[in-house]
Each structure stands twice: as structure tokens, then as C-alpha cells.
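This is what each chain is made of:
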Amino acid sequence: MQLTTYIADLLYRYECVIIPGFGAFLTRYKSAHIDDTSNTFHPPSKIVSFNKQLQANDGLFANYVASVEKCSYETALQQIRNFTAQISKELSEGKTVTFKNIGAFSLNEEKSLQFEPLQQQNFSTSAFGLSSFVSPKISREVYKETVEALEEKAPIHFTPERREAKPYLKYAAIAVIALSAIGFGSLKLYESQVQKFNYAEREKANSLVENQIQEATFVIENPLPVLSLQVPKHVGMYHIVAGAYRLEENAEKKVSQLREKGYAPLKMEVNRYGLHQVLYASFDNKLEAQQKLYEIQRSENADAWLLVQEIR
């Protein structure tokens, strides 16, 4: 199943990957830890779980399949539907369905869906190349006993030693201190003179600039009229798509309809499939975008979907 590879690719970059009509894979960060029983050091990782309740299409998986397979969005959706139908059929027959590098699905005795993640797989890009390793336990008591035994056999004795006083060093130190004091005083006097000169020159420059500003006269002939433009601003990478149209005039018509309803729609440039996409709104936060998408799907457009893309 090639689509399982696409799911694994997305789990490296996103915390939630929804398979429309089947469920969602969720990841959460787990910091590095040590298993005291086996003395094993484990690197940071992303743990994968599954939620069957999240089945609404957010456009992420379908868009990725369409871009990789170089097919239309509708064709990608049909592939996903066939994929989920095959999985449901195999599960109903009592088989265990394995997603490569992710985990395995099965039905328990109550016919409830069970997911067992693959423990060896780490979807954290920050821990790429890091693996678990076992370190032998350090026995500090053994080293302590060895050191105590050596101290008993070879005790260390310190013999105080008197240093011969050298009187000429005292006078040399006094001379160095005196020279340093003279040099420091001269340096402070020079700095004070430089600061006074800089202050006087700065005052002259400020006075000259003020006089020139007061004498200047500004005359503007034929002033240009003020032009006000109201352009809808769509910021973020999560966009709610109202529709995609082959003809630009249909896209413009949809923009007018949405503007009458109080939205600030945006008609995007033609994509590589030759379609003009019209947006309801854009969001920086994925959760806010999904909540608005569900509201629009319930109230007026069940075919609205979420586009994950940076608009420049």
C-alpha cells in the first residue's frame, strides 16, 4: 500500500494526519529518558497514536497525494476512498492490517478498532540519526574501596617550605603602581578634553541644521488625489477553499457571492491543474482553521475543504 508511505512522510512534519473516512494519526513529543531496569538510554521521540473520531477531510493528505502522484485533487480523493475501503474489508475478515513504519490495526472481540504503534520508529526530525544504547552500570563503591586501600599503603605528607624574601621585588611593585596611577590620570584628563570638544561641535551642527530648516519653504504643485484601496488580507498557511473553477468568470462570480454574504474572499492564481481557487478565509492556527471549516460545512457549503499552502 503506497499510501502508507505518504502517511509516514507527513507524520515527520505534522502533528495530525487525517485519513478521510477512517481516522487520524496523532503525534506527541516524548523527551529523552533512561530505562533503569535495562540501563538503556532512549533519545527524544514522537509517539504515534490513533483517533477514530477525527475523520473529516482537512485536505492535507489528499493534497499531498495529488502533488506526489501528479494527479488532480478529485483523483487523489478517490484513491484514498479505495484505500480505506480495502482496509475496512480486511479488518472485517479478521485480518491484521499493517501500515509500514507506523503500526498495525486489528479488531478485538468487541469488534472495536485497535492500533499498536511500531515502537522502533521515531518521527522526531530533531533526533534523526540517534538510537537507543545500553551503558553498563557504574559501581562507585568499588572505586572508593580501592582509593582507601591505596591511601593506607602510601600516606601523603606535606612539608611546609619557607620562601626566601627578596626585598627588591617590593620596591619594583611600588614603582609599577606609581607609574600606573600617573598614566591613568593623564588618560582621564585627555578623555575629558575630547568630550568637551565633541559637545561644542555637536551644538554648532544642531544650531546650523535648525536655522536651515526654519528658512526652507516647501511648495507642492498639483497634489495627487488620495486613493483608498480595500484589499482582503489573507495571512497564514491554512486556507478554507470555497471552490475551484476552470473558468475565471465563474470564480469571479463566486467571489461576488461571498462578498455579499459578508466574507472577504480571495481568488488565487491559476494552479498547475488550470483551476482558479476561491478562498473563504486564511488562518495561522490549524485548529482555528478546522473549526471554521466545520462551521462552513454545516451551515452553507458541505464541499468546502482546507488547503495547506503558503501564499506569497
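Residues numbered from 1 in each chain as written. Predicted model: local features only at pLDDT ≥ 70, side-chain atom pairs only at ≥ 80, totals over all residues. Heavy atoms only, no water.

As annotated in an unreviewed UniProt entry, the chain is Sporulation protein from Aequorivita vladivostokensis.

How do you make sense of the overall build of the chain when you look at a structure like this?
Looking only at helices and strands, one finds seven helices and 13 strands in the chain. The burial tally for the chain puts 27% of its 312 residues in the buried class. The contacts of the chain with a sequence gap of at least 6 include a subset with a gap of at least 24, amounting to 61%. Within the structure as shown, the chain displays about 23,100 Å² of accessible surface, and the carbon and sulfur contribution to it stands at 54%. (Helix = DSSP H or I, 4+ residues; strand = E, 2+ residues; numbered from the N terminus. Buried < 20%, exposed > 50% of the residue type's maximum accessible area, 1.4 Å probe, protein only. Contact = heavy atoms within 4.5 Å. Areas by Shrake-Rupley, 256 points an atom, 1.4 Å probe, with all protein chains shown as cover.)

Looking at this model, I keep getting lost on the packing of aromatic side chains. Mind explaining?
Each aromatic ring pair is summarised here by two numbers: the centre-to-centre distance and the angle between the ring planes. Applying the stated rule across the entire model yields 14 aromatic pairs. Taking 5.9 Å as the distance between ring centres and 70 degrees as the angle between the ring planes, the aromatic pair formed by phenylalanine 25 and phenylalanine 105 counts as edge-to-face. On the criterion of sequence distance, the pair formed by phenylalanine 25 in strand 2 (residues 23-30) and phenylalanine 105 in strand 7 (residues 103-107) is long-range, its members being 80 residues apart. Both rings, one in tyrosine 73 and one in tryptophan 305, keep their centres 4.5 Å apart while their planes meet at 20 degrees; by these two values the pair is stacked. Linking tyrosine 73 in helix 3 (residues 73-92) with tryptophan 305 in strand 13 (residues 305-308), this pair joins segments that are 232 residues apart in sequence. One exposure class covers both tyrosine 73 and tryptophan 305, and it is buried. Ring-pair connections join several aromatic residues into one group, and the members of that group are Phe22, Phe25, Phe50, Phe83, Phe99, Phe105 and Phe115. (Phe/Tyr/Trp six-rings, centres within 6.5 Å; stacked < 30°, edge-to-face > 60°.)

Would you mind going over unusual backbone geometry with me for this structure?
Apart from glycine, the bulk of residues carry a negative phi angle, and the bulk of peptide bonds sit in the trans form. Phi is positive for lysine 70, which is not a glycine, with a value near 55 degrees. Relative to the helices and strands, lysine 70 resides in the loop between helix 2 (60-69) and helix 3. Using a relative accessible area of 67% as the deciding quantity, one classes lysine 70 as exposed. The phi torsion at lysine 111 lies on the positive side, around 65 degrees, for a residue other than glycine.

Any chance you could explain the layout of surface pockets here in plain terms?
Within this model, the largest pocket holds a volume of roughly 860 Å³. If you trace the largest pocket, you find 34 residues lining it, with Asn63, Tyr73, Gln277, Trp305 and Leu307 closest to the centre. When contributions to the lining of the largest pocket are tallied by element, the ones reaching two or more residues are helix 2, helix 3, strand 10 (238-245) and strand 13. Here the lining of the largest pocket gets five residues from one element, more than from any other, and that element is helix 2. Residues of the lining of the largest pocket, tallied by class, amount to 19 nonpolar, nine polar and six charged. (1 Å grid on protein atoms, 1.4 Å probe; cavity = no way out; pocket = protein on both sides within 12 Å on 5 of 7 lines; lining within 4 Å. Points joined across faces, edges and corners; volume = space filled by probe spheres on them. Nonpolar A, V, L, I, M, F, W, Y, C, P; charged D, E, K, R; others polar.)

Hey, could you run me through the pairing of strand 12 (residues 276-283) in this one?
Every regular strand shows the same layout, with side chains that alternate between the two sheet faces. A large share of strand 12 lies buried, amounting to seven of its eight residues. In this structure, strand 10 lies alongside strand 12, joined through seven bridges in antiparallel fashion. By the bridge assignment for strand 12, valine 241 is matched with leucine 279. (Pairing = 2+ DSSP bridges.)

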